[in-house]
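As a plain string of letters, each chain reads:
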Amino acid sequence: MSDATSAPSTIPGELFLLLTTDSGRQDSTSYRRQALAGAAIAELVLREKIALTEGRNPKVQVRDTVPTDLPTLDQALGALADLDGKAVKSVIGHRSMDLTEVIGESFAADGVVQRKDGWFTTTWPTHDDTVETALRARLARAVREPQQASLQDGILLELLRGLGIAHRILKDDVPEMGRRDLEKAIAALKVESPEAKAVKRIIDEAMTAVIVATTAVSTTTITT
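Rules behind the numbers
Residues numbered from 1 in each chain as written. Predicted model: local features only at pLDDT ≥ 70, side-chain atom pairs only at ≥ 80, totals over all residues. Heavy atoms only, no water. Core = buried A, V, L, I, M, F, W, Y, C linked by side-chain atoms within 4.5 Å. Buried < 20%, exposed > 50% of the residue type's maximum accessible area, 1.4 Å probe, protein only. Helix = DSSP H or I, 4+ residues; strand = E, 2+ residues; numbered from the N terminus. Contact = heavy atoms within 4.5 Å. Arc of directions from axis to C-beta. 1 Å grid on protein atoms, 1.4 Å probe; cavity = no way out; pocket = protein on both sides within 12 Å on 5 of 7 lines; lining within 4 Å. Points joined across faces, edges and corners; volume = space filled by probe spheres on them. Nonpolar A, V, L, I, M, F, W, Y, C, P; charged D, E, K, R; others polar. Phe/Tyr/Trp six-rings, centres within 6.5 Å; stacked < 30°, edge-to-face > 60°. Salt bridge = Lys/Arg side-chain N within 4 Å of Asp/Glu carboxyl O. Polar contact = N/O pair within 3.5 Å; in protein donor to acceptor, adjacent residues only side chain to side chain.

Quick word on the nonpolar core
Working step 1: Ranked by internal contacts, the top residues of the largest apolar core, which has 62 residues, are Leu15, Ile50, Leu80, Met97 and Leu160.
Working step 2: Broken down by element, this core gets its largest block of residues, 9 residues, from helix H2 (residues 32–46).
Working step 3: Here Ile50 is in contact with Ile41, Leu44, Val45, Val60, Gln61, Val62, Arg63, Leu77 and Leu80, once residues within four sequence places are set aside.

In structure tokens form, the structure reads like this:
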């Protein structure tokens, strides 16, 4: 078995694992790309690489472009440097913030997943489930024992809740919790951090962007 613990975990990387099935499919949500981008922005705020402006339509401000030496975050940071001053809503959906490839390649290099290229799509089937198993156990503990939850746990769980897929993703990890119980447990998490407010805004903006995209798709479908 490979040493699947060699790469430091990132919030977008862990979200990628949760949104990818063992067979490598990424069909748990139609807005995985936006969710991964939002997760990366959240982590870069925590690392004080970027900041958000105040106001109802926060914009991204890049504060530090020194690489983190983590490929996923460095790709996001480079993209954000080119999008400096843009609104979070537009940044999340920008094509340069599509992190699927860099995350998948990082996990493939560590033996966590395998890359399989098809005619039209690439899938990332599980090769070593050690990392994801530990991640799921950690998140299950976070909702059962909120005092043990880290800020990273809270961000991941809130992203899943905001996407409306928390129970679908974690139902086997917390079998005693129904959908409503799990969502209430996530909403009740109180993770104290100076950056928590900014991160909450990012998650709200990410979810708003998803809702707008959903509405646009629905409207196009109805009118065509």
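A short note on helix H9 (residues 179–187)
Every α-helical turn comprises 3.6 residues, leaving residues that sit three or four positions apart pointing alike.
Working step 1: Among all positions of H9, only Leu182, Ala185 and Ile186 are buried. Buried residues along H9 cover an arc of 100 degrees about the axis, so they all sit on one side. When the buried face of H9 is taken as reference, the exposed residues oriented beyond 90 degrees from it are Arg180 and Lys184.

Quick word on empty space enclosed by the protein
Working step 1: Per the counting criterion, the structure on display carries 1 cavity of 30 Å³ or more.
Working step 2: Here the largest cavity is characterised by a volume of approximately 50 Å³.
Working step 3: Lining the largest cavity are Phe16, Leu17, Thr20, Thr21, Val112, Val113, Trp124, Thr126, Asp128, Asp129 and Glu132.
Working step 4: For the lining of the largest cavity, a count of residues per class yields 5 nonpolar, 3 polar and 3 charged.

Quick word on the packing of aromatic side chains
Working step 1: Enumeration according to the criterion identifies 2 aromatic pairs in this entry.
Working step 2: An angle of 70 degrees between the planes, with centres 6.4 Å apart, marks the rings of Phe16 and Trp124 as edge-to-face. In this pair, Phe16 sits in helix H1 (residues 11–19) while Trp124 sits in the loop between strand E4 (122–123) and helix H6 (130–144), placing the two residues 108 residues apart along the sequence.
Working step 3: The class of Phe16 is buried, set by a relative accessible area of 1%.
Working step 4: Judged by its relative accessible area of 2%, Trp124 falls in the buried class.
Working step 5: A connected cluster of aromatic rings, assembled from ring pairs, spans Phe16, Phe107 and Trp124.

A few points about unusual backbone geometry
Working step 1: Phi angles above zero are rare outside glycine, and Glu48 is one such case at about 60 degrees.
Working step 2: Mapped onto the secondary structure, Glu48 falls in the loop between H2 and strand E1 (50–52).
Working step 3: Note on Glu48: relative accessible area 48%, which makes it partly exposed.

Let's talk about the environment of Glu145
Working step 1: By the element assignment, Glu145 lies in the loop between H6 and helix H7 (151–163).
Working step 2: C-alpha of Glu145 to C-alpha of Leu189: the two residues are 44 residues apart in sequence and 9.5 Å apart in space.

Here we look at the pattern of salt bridges
Working step 1: By the definition in use, this model includes 12 salt bridges.
Working step 2: Ionic pairing is found between Arg138 and Asp153, a salt bridge with its closest N-O pair at 2.5 Å. In this pair, Arg138 sits in helix H6 while Asp153 sits in helix H7, placing the two residues 15 residues apart along the sequence.
Working step 3: Between Arg161 and Glu158 there is a salt bridge, with the nearest N and O atoms lying 2.8 Å from each other. With a gap of 3 residues between them, Arg161 and Glu158 both fall in helix H7, about one helical turn apart.
Working step 4: Under the relative-accessibility criterion, Glu158 is labelled buried at 12%.

Points about the side chain of Thr68
Working step 1: For Thr68, the location among the structural elements is in the loop between strand E2 (60–62) and helix H3 (71–82).
Working step 2: A distance of 3.1 Å separates a polar atom in the side chain of Thr68 from the backbone nitrogen of Leu70.
Working step 3: Beyond its immediate stretch of four places on either side in the chain, Thr68 contacts Lys49, Leu73 and Asp74.

Function cannot be inferred from these measures alone, as they are strictly geometric.
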